[in-house]
Amino acid sequence: MLFLGLLILLVFQLCGEVLVMALDAPVPGPVVGMVLLFFALLIFGHVPEQLRLFSEGLLKHLSLLFVPAGVGLMVHLEYLAEYWLALVLALSVSAFITLLVVAGLLRFLMRSKEGRH
Amino acid sequence: MDFWVYFSASPLLWLIVTLSVFAFSMELNRRMGGSAFLHPVLLSLSIIIIFLLLTGTSYERYFEGAQFIHFLLGPATVALAVPLVDHAERIKRMWFPLFAAALIGAGVAVVSVLLIGWLFELPHAVLMSLAPKSVTSPIAIGVAEKIGGYPSLAAGLVLVTGALGGSFAPWVFKLLGGLDDEVKGFAIGVTAHGMGTAYAFGISAKAGAFSGLAMGLTGVITAFLLPFSLEWLGFL
């Protein structure tokens, strides 16, 4: 009955897509589906076994699912040839700054929270 | 030759190519000790792209087969709710520091990359593909589509960010010094999504769990706030 897990995911994805269309919101439908499922599971109280099995299986092989979209880079080879330096620099500097800011800020916030107790 | 003409036009061949190249890449990566630059996804992309170019196959033709794998990104995004529910207790307890760090981190990631890209005068569609680069791919692909970037370019840039995040993390942690595993994991998760989470599990299970949480929070925050703020700023 593993397919029941898939069915739950697809139904919530559909609800997300319908909601996004109805509200004309610039948010991906599956993301809304994830939020709906999160709150549904909190209210329901536990994660049904079929859903957990299917979800964990899917997330374990998540990286495979990126391959078809990633191969689409071949359509952008001229962009990559022209802008590779700017892209690599932008991504590197941004990753470095983001790591630094998040780690520094979270340490500060957690310390001051503990300090109040 | 007729054989090739027939099978290269059927979805079956490209589905088999995708799965077998990925299996080969996973195995090669495992034997090379799991290096971030031989990431199975980056490796698979390169091999498949070279194969398609050599055989003169268009991306559209390839995607007719690969779409069956691509389709699962939707349900996989919804499935991210399951690990988030597992951490619901922790989120409730520490919600303010975690939420603030994810919100500001997501903002810093987007603004810094857009600013540098803008300095280099990148075209608008490339900037819009760069913007969601710190977010887990299924969300980034959806966001890029929504804001006028190229989903496939965005997917590639997300993967490069994942590899970079894992390589920079040890330097940054050394620079700051004396960080808890939950802080380390969370910072990697905000910066480098799922690939960062895989790296964080190498530090400790605690770092991995917090990285997964950060990935989910950052994904949701970016998915909801990025399109609205770009719209509000008049970029769309």
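Cut-offs applied
Residues numbered from 1 in each chain as written. Chains lettered and ligands numbered in written order. Predicted model: local features only at pLDDT ≥ 70, side-chain atom pairs only at ≥ 80, totals over all residues. Heavy atoms only, no water. UniProt positions renumbered as here; feature names shortened; annotations may be inferred. Domains from an automatic or database assignment. Contact = heavy atoms within 4.5 Å. Buried area = accessible area lost by both parts, 1.4 Å probe. Salt bridge = Lys/Arg side-chain N within 4 Å of Asp/Glu carboxyl O. Polar contact = N/O pair within 3.5 Å; in protein donor to acceptor, adjacent residues only side chain to side chain. Helix = DSSP H or I, 4+ residues; strand = E, 2+ residues; numbered from the N terminus. Nonpolar A, V, L, I, M, F, W, Y, C, P; charged D, E, K, R; others polar. Axes fitted to C-alpha atoms, helices over the stretch in contact; angles between N-to-C directions. Left-handed = near helix turned anticlockwise from the far one by under 90°. Phe/Tyr/Trp six-rings, centres within 6.5 Å; stacked < 30°, edge-to-face > 60°. Buried < 20%, exposed > 50% of the residue type's maximum accessible area, 1.4 Å probe, protein only. Patch = residues over 30% accessible without salt bridge, like charges linked within 9 Å, V, L, I, M, F, W, Y side chains within 5 Å. Areas by Shrake-Rupley, 256 points an atom, 1.4 Å probe, with all protein chains shown as cover.

In the annotation of an unreviewed UniProt entry, chain B is listed under the name LrgB family protein and assigned to Neptunomonas marina. A UniProt comment under Subcellular location (unreviewed entry) is attached to chain B, and it reads "Membrane".

As named in an unreviewed UniProt entry, chain A is CidA/LrgA family protein, taken from Neptunomonas marina. According to the UniProt record, the Subcellular location (unreviewed entry) comment for chain A is "Cell membrane".

> Please provide a residue-by-residue account of the domain arrangement of chain B, values included.
Residue and element names in this part refer to chain B. Once the domains are mapped, chain B shows domain 1 (2–71) and domain 2 (79–233). Each of domain 1 and domain 2 has a C-alpha centre, and these two points are 26 Å apart. Contacts between the two partners involve 6 residues from domain 1, matched on the other side by 5 residues from domain 2. Buried area between domain 1 and domain 2, both sides added, is near 550 Å², and the carbon and sulfur share of it is 87%. Between domain 1 and domain 2 we count 0 salt bridges in total. Our count for the domain 1 to domain 2 interface comes out at 0 residue pairs in polar contact (both at pLDDT 80 or more).

> Describe the interface of chain A and chain B, listing the residues and the values that go with them.
Contacts between the two partners involve 70 residues from chain A, matched on the other side by 97 residues from chain B. Interface area, chain A with chain B, both sides summed: about 7,400 Å², of which 86% is carbon and sulfur. Inspection of the region where chain A meets chain B yields 1 salt bridge. A salt bridge links Asp 86 of chain B to Arg 52 of chain A; the nearest nitrogen and oxygen atoms lie 2.8 Å apart. On inspection of chain A and its partner chain B, the count reaches 9 residue pairs in polar contact (both at pLDDT 80 or more). Top contributing element to the side of chain A that touches chain B by residue count: helix H6 (residues 77–116) of chain A, with 28 residues. Residues that form the side of chain A that touches chain B fall into these classes: 55 nonpolar, 11 polar and 4 charged.

> Hey, could you go over the packing of helix H2 (residues 11–31) of chain B against helix H4 (residues 59–70) of chain B for me, with residue numbers and the actual values?
Residue and element names in this part refer to chain B. Where H2 contacts H4, the axes come no closer than 7 Å and their chain directions differ by 65 degrees. The handedness of the crossing between H2 and H4 is right-handed. Of the residues in H4, those touching H2 at Pro 11, Trp 14, Leu 15, Thr 18 and Leu 19 are Arg 61, Tyr 62, Glu 64, Gly 65, Ala 66, Phe 68 and Ile 69. Broken down by class, the residue content of the contact of H2 with H4 amounts to 8 nonpolar, 2 polar and 2 charged.

> Can you break down the packing of aromatic side chains residue by residue, with the values?
Geometrically, a pair of aromatic rings is defined through the distance of the ring centres and the angle of the planes. Evaluated as defined, the whole model comprises 10 aromatic pairs over all chains. Ring geometry for Phe 96 of chain A versus Phe 168 of chain B: centroids 6.1 Å apart, planes at 80 degrees, classification edge-to-face. Highlighted residues: Phe 96 of chain A in helix H6 and Phe 168 of chain B in helix H11 (residues 151–176), drawn from two different chains. Phe 96 of chain A sits in the partly exposed class, given a relative accessible area of 27%. Among the residues examined, Phe 168 of chain B registers a relative accessible area of 14% and is labelled buried. Between Phe 168 of chain B and Trp 171 of chain B, the ring centres sit 5.5 Å apart and the planes meet at 35 degrees, which makes this aromatic pair tilted. With Phe 168 of chain B and Trp 171 of chain B both in helix H11, this residue pair falls 3 residues apart, about one helical turn. In this structure Trp 171 of chain B comes out as exposed when scored by relative accessible area, which is 55%. Taken together, the ring pairs connect Trp 14, Phe 51, Tyr 59, Tyr 62 and Phe 63 of chain B into an aromatic cluster.

> For a nonpolar patch on the surface, give the residues involved together with the corresponding values.
A contiguous nonpolar patch, built from Trp 84, Leu 85, Val 88, Leu 89, Val 93 and Ile 97 of chain A together with Leu 115, Trp 118, Leu 119 and Phe 120 of chain B and spanning about 990 Å² of accessible area, is present on the exposed surface. Breaking the nonpolar patch down by element, the ones donating at least two residues are H6 of chain A together with helix H8 (95–119) of chain B. The element that contributes the greatest number of residues to the nonpolar patch is H6 of chain A, accounting for 6 residues.

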